[in-house]
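Geometric and topological summary
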Amino acid sequence: QLQLVESGGGLVQPGGSLRLSCAASGFTSDEYAVGWFRQAPGKEREGVSCISNTNRTNYADSVKGRFTISRGNAKNMVYLQMNSLKAEDTGIYYCAADSSCGLGNIMHSWGKGTLVTVSS
């Protein structure tokens, strides 16, 4: 019943910006923690950012100061604003939801991902 769909990925040049969206259905997104994860080619999935059900946020050190996670005015939306993009940010980005940000890679519900490619 809890479903997530990512959108907003694409090709962007280094230094550019992109905003990813995560649309939830079957629940109100602010009832859950929602995290963003990414998987680069040939690498394991890593956590990027998470927002808790009380709107506390956290970020991986590699994206601090460049990425911002937020909930939209529509309660079913969570966004990841990505600025100053680097080639190392390339990967498939997933959103996931569960009761806690601390669950990391074992969060209960996952979207199918959206591809972000940072290249000139």
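Below is a summary of the structure that appears in this document. (Residues numbered from 1 in each chain as written. Predicted model: local features only at pLDDT ≥ 70, side-chain atom pairs only at ≥ 80, totals over all residues. Heavy atoms only, no water.)

**A look at the pairing of strand β5 (residues 46-51)**
Applied cut-off: In this description, strands pair whenever DSSP reports at least two bridges between them. Counting from the N terminus, the helices are the DSSP runs of H or I reaching at least four residues and the strands are the DSSP runs of E reaching at least two.
Where strand β4 (residues 33-39) and β5 come together, five bridges link them in antiparallel fashion. In the sheet register, Arg-38 faces β5, and the bridge partner there is Glu-46. Alignment of β5 against strand β6 (residues 57-59), held across three bridges, turns out to be antiparallel. Looking at the pairing, Cys-50 lines up with Asn-58 of β6. Where β5 hands over to β6, the hairpin turn is made up of five residues, of which Asn-55 adopts a positive phi near 70 degrees.

**Thoughts on the side chain of Ser-109**
For the record, the criterion: Think of it in three bands: with a 1.4 Å probe and only protein chains considered, a residue is buried below 20% of the maximum accessible area for its type, exposed above 50%, and partly exposed in between. Pairing of N or O atoms within 3.5 Å defines a polar contact, subject to two protein rules: one partner must be a possible hydrogen donor and the other a possible acceptor, and residues neighboring in sequence count only if both atoms are side-chain atoms. By definition, residues are in contact when any of their heavy atoms lie within 4.5 Å.
Looking at the secondary structure, you find Ser-109 in strand β10 (residues 109-110). The exposure class of Ser-109 is buried, given its relative accessible area of 6%. Of the polar contacts made by the side chain of Ser-109, one reaches the side chain of His-108; its length is 2.9 Å. Not counting the four nearest positions on each side in its chain, Ser-109 is found in contact with Leu-2, Leu-4, Cys-95, Ala-96 and Ala-97.

**Some words on the pattern of salt bridges**
Threshold: The term salt bridge refers to a pairing of a side-chain nitrogen on Lys or Arg with a carboxyl oxygen on Asp or Glu at a separation within 4 Å.
All chains considered together, the criterion is met by four salt bridges. For Lys-64, the salt bridge identified is with Asp-61, shortest N-O distance 3.0 Å. Asp-61 sits in the exposed class, given a relative accessible area of 65%. Among the charged side chains, a network of salt bridges with common partners joins Arg-38, Glu-46, Arg-66 and Asp-89.

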